[in-house]
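Fold and contact review
Each chain, letter by letter, is given below.
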Amino acid sequence: MRIETQCLHEGYSPKNGEARNIPIYQSSTYKYESTEHVGKLFDLAVEGHMYSRISNPTVAMVEEKIAALEGGVGALCTTSGQAANMLAVLNIAKAGDHIVSSSEIYGGTINLFNVTMKKMGIEVTFVDQNAPLSELQKAIRPNTKLVFGETIANPSISVLDIEKFAQLAHSNGLPLIVDSTFATPVLCKPIEYGADIVVHSTTKYMDGHALQIGGVIVDSGKFDWANGKYPEFTEPDDSYHGVVYTEMFGKAAFITKARVQLMRDMGVYPTAISAFLLNMGLETLAVRMDRYCSNAEKVAEFLCKSDKIEFVNYPTVKGNKYYDLAKKYLKGCSGVISFSIKGGRENAVRFMDSLKLASNEVHVADIRTCVLHPASATHRQLTDEQLIAAGITPGLIRFSVGLENVDDIIDDIKQALENV
Ligand SMILES: *Cc1c(COP(=O)(O)O)cnc(C)c1O
């Protein structure tokens, strides 16, 4: 199936007389015929739902759909994109370990790595993702456990050279985690370029309608966890009577461990109704992504012509430094544009407050056009140095083009620019 068809049909195929839509299994628990069966569930010896902190049939249908869209062996939904990134990393790294991440990533993930993970004893080195491989290699230490980057960075709209990062990771026996939130599997499937784990904030394009926060982790099934660096995968897990993940679950070792160990212990699993709503967003994802991209290309072109704009970050714009990488990896560049208005912070705020159609929101990738000033909001905690490393200037505006008629979006920008 092509991706438009997969968006509609993967994960659920009703039989004769069954509901056309995915059923909402609104239940925290499940019933069994025997105590023996429950015992087998707890030994992971049989498949089945145990408790909705770990899995749920409605959520499972959506997980199956997303795994199919990305070309992975399995997926695990979470209550947020932050939870997805947290579990993906904690499934691999522990106190005393080190991770290497591109510096051009979402501000929340920078905080997660730099503040919270540091408290847990995991150290991070942020690298310039545009540096040559030989330079990036210097960040790798004997205790490095993974490499991390974003396909299209939020909010700098930089495009990751996924193959280069995969080479960096794999030549050191490490997995590559890619946060592909802005690209979605419609614009890029990072696994095809060597990513081992793909994460998303489903809050963004996948949900698409600003209904609910969510995240997902997808396992490519390709990484060799038995390469000697990851004993948690190859040695008996005491919390499951000595289960060895690589032996019992093979290609699905990573995603199974994330679910039965970390999800069990941390409990950040979405509800059935959340998965149902997410599925509605997924059904139209391919169609929506197409329009977001074409609208954004036109808005970016318009912005480039204005003498009040300092620069426009959107990879299809002529001269953009990510033009070639975008051509290589992306079928489109999403609806998110970042640009800087001449006159810095003050003019950026004046422009934002003059917009009538585009709404000022702490959100991105909505069905409606929305706009945000990262330096005063999502990236407020970062120092000036961190801001620059993340590709953010004080006057930078993150403009998330929605599905309105593009001429209405451009008219709104035009009138707001008149106030600058
Ligand atoms: C929003 C976002 C996150 C965090 O996701 P939440 O669902 O808000 O927790 C992580 N990564 C990227 C790239 C994002 O845009």
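It should be noted that the structure appears before, not after, this text.
Here goes a summary of the coordinates provided. Every chain is numbered on its own, with residues counted from 1 as its sequence reads. Totals for whole chains, interfaces and linings use every residue, but because this is a predicted model, local features are given only for residues with pLDDT of at least 70 and side-chain atom pairs only at 80 or more, for both listing and counting. Here the side-chain values reflect all heavy atoms present in the structure, with hydrogen atoms and water set aside.

Regarding the site of the ligand
Filter applied, for reference: Near, as used in this document, describes a residue that has one of its heavy atoms within 4 Å of the molecule or strand being considered. The term polar contact refers here to a pair of N or O atoms within 3.5 Å; inside protein, the definition further demands a hydrogen-donor-capable atom paired with an acceptor-capable atom, and it admits residues adjacent in sequence only when both atoms are side-chain atoms. All accessibility values rest on the Shrake-Rupley procedure with a 1.4 Å probe; residue burial counts only the protein chains present in the view. Of the two site types, the cavity is a set of points on a 1 Å grid over the protein atoms alone where a 1.4 Å probe fits but cannot get out, and the pocket is an open set with protein on both sides within 12 Å along at least five of seven lines, each lined by residues with an atom within 4 Å of a point. Think of it this way: a molecule belongs to a cavity or pocket when more than half its atoms come within 2 Å of the grid points there. Strands here mean DSSP runs of E at least two residues long; helices mean DSSP runs of H or I at least four residues long; both are numbered from the N terminus.
Around the ligand, a shell composed of 15 residues is seen, among which Asn 154, Asp 179, Ser 201, Thr 203 and Lys 204 lie nearest. One nitrogen or oxygen atom from the side chain of Ser 201 is found 2.8 Å from an oxygen atom belonging to the ligand. For the ligand, an oxygen atom lies 2.6 Å from a polar atom in the side chain of Thr 203. For the ligand, the protein covers 93% of the area, taking 380 Å² as the surface of the free molecule. A majority-of-atoms criterion places the ligand in the second largest pocket. The element contributing the most residues to the shell around the ligand is helix H4 (residues 81–90), with three residues.

Side note on the sheet that holds strand S1 (residues 74–78)
Filter applied, for reference: Each pair of strands is called paired provided DSSP finds at least two bridges between the two strands. A fitted line through C-alpha atoms represents every axis, and for helices the fit uses only the stretch in contact; the resulting angles, taken between N-to-C directions, go from 0 to 180 degrees. Residue contacts follow a heavy-atom distance rule, with two residues in contact if any of their heavy atoms lie within 4.5 Å.
A sheet is described by the order of its strands in space; here seven strands give the open sequence S1-S7-S6-S5-S4-S2-S3, paired in mixed fashion. Across the chains shown, the open sheet's two edge strands, defined by having one partner strand only, are S1 and strand S3 (123–127). Each adjacent strand pair in this sheet contributes to an overall mean axis angle of 20°, direction not counted. The pairing of strand S5 (residues 176–179) with strand S6 (residues 197–201) spans three bridges and is parallel. By the bridge assignment for S6, Asp 179 is matched with Val 199. H4 rests against S1, strand S2 (98–102), strand S4 (144–150), S5, S6 and strand S7 (215–219) of the sheet, and its axis sits at about 160° to S6. Its contacts with the sheet place helix H11 (residues 253–266) against S1, S6 and S7, and it is angled at close to 30° to S1.

Digging into the packing of aromatic side chains
Put simply, the test is: Under the pairing criterion, centres of Phe, Tyr and Trp rings, with the six-membered ring standing for Trp, must be within 6.5 Å; the plane angle then separates stacked pairs below 30 degrees from edge-to-face pairs above 60, leaving the rest tilted. Between buried and exposed lies partly exposed: a residue is buried under 20% and exposed over 50% of the maximum accessible area for its type, with that area taken using a 1.4 Å probe on protein chains only.
Within this structure, the stated rule accounts for twelve aromatic pairs. Arranged with centres 5.8 Å apart and planes meeting at 80°, the rings of Phe 339 and Phe 351 form a pair that is edge-to-face. Here the residue Phe 339 occupies a position in strand S9 (residues 336–341), and Phe 351 occupies one in helix H15 (residues 344–354), the gap between them amounting to twelve residues. Phe 351 gets classed as buried once you look at its relative accessible area, which sits at 0%.

Overview of the pairing of S7
Sheet faces and side chains relate simply in a regular strand, where the side chains alternate between the two faces. Of all five residues that make up S7, five are buried, and the element is covered over most of its length. Covered by surrounding structure in S7 are Gly 215, Ile 217 and Asp 219 together with Val 216 and Val 218, the residues of both alternating faces. Looking at chain direction, S1 and S7 are connected through five bridges and run antiparallel. When the sheet's bridge partners are listed, Cys 77 is paired in S7 with Val 216. One ladder, built from five bridges, connects S6 with S7; its direction is antiparallel. Residue pairing across strands places Ser 201 opposite Gly 215, the latter belonging to S7.

Overview of the side chain of Ser 334
Its place among the elements puts Ser 334 in the loop between helix H14 (323–329) and S9. Of the polar contacts made by the side chain of Ser 334, one reaches the backbone nitrogen of Val 336; its length is 3.2 Å. In this structure, Ser 334 is in contact with Ile 152, Phe 182, Leu 187, Tyr 205, Met 289, Tyr 292, Cys 293, Ala 296 and Tyr 314, ignoring residues within four places of it in sequence.

Focus on the environment of Asp 412
Tracing the chain through its elements places Asp 412 in helix H17 (residues 406–418). Overall, the relative accessible area of 6% leaves Asp 412 in the buried class. C-alpha separation for the pair Asp 412 and Ala 358, spaced 54 residues apart in sequence, amounts to 7.4 Å. Apart from residues no more than four positions distant in its own chain, Asp 412 is found in contact with Leu 355, Lys 356, Leu 357 and Ala 358.

Some thoughts on the nonpolar core
To be explicit about the condition: Among buried residues, the Ala, Val, Leu, Ile, Met, Phe, Trp, Tyr and Cys ones that are joined through side-chain atoms within 4.5 Å form a nonpolar core.
Grouped together as the largest cluster of nonpolar side chains are 134 residues, with contacts concentrated most on Ile 217, Val 299, Ile 337, Phe 339, Phe 351 and Phe 399. Residue contributions to this core peak at ten residues, all from helix H13 (residues 285–305). Among all residues touching Ile 217, those that are not within four sequence positions of it are Gly 74, Ala 75, Leu 76, Thr 78, Ala 84, Leu 87, Ala 88, Ile 197, Val 198, Val 199, Phe 254 and Ile 255.

Comments concerning the pattern of salt bridges
Short version of the rule: Here, a salt bridge means any Lys or Arg side-chain nitrogen found within 4 Å of an Asp or Glu carboxyl oxygen.
For the coordinates displayed, the defined rule picks out eleven salt bridges. Here Lys 40 ties to Glu 36 by a salt bridge, and the two come within 3.5 Å at their closest N and O atoms. Pair noted here: Lys 40 and Glu 36 are both in helix H2 (residues 35–42), with a separation of four residues, about one helical turn. On the basis of relative accessibility, which here comes to 36%, the residue Lys 40 falls in the partly exposed class. Residue Asp 411 is joined to Lys 414 by a salt bridge in which the shortest nitrogen-to-oxygen separation is 3.9 Å. In this pair, Asp 411 and Lys 414 are both assigned in helix H17, three residues apart and thus about one turn of the helix distant. By relative accessible area, Lys 414 is classed as partly exposed at 41%.

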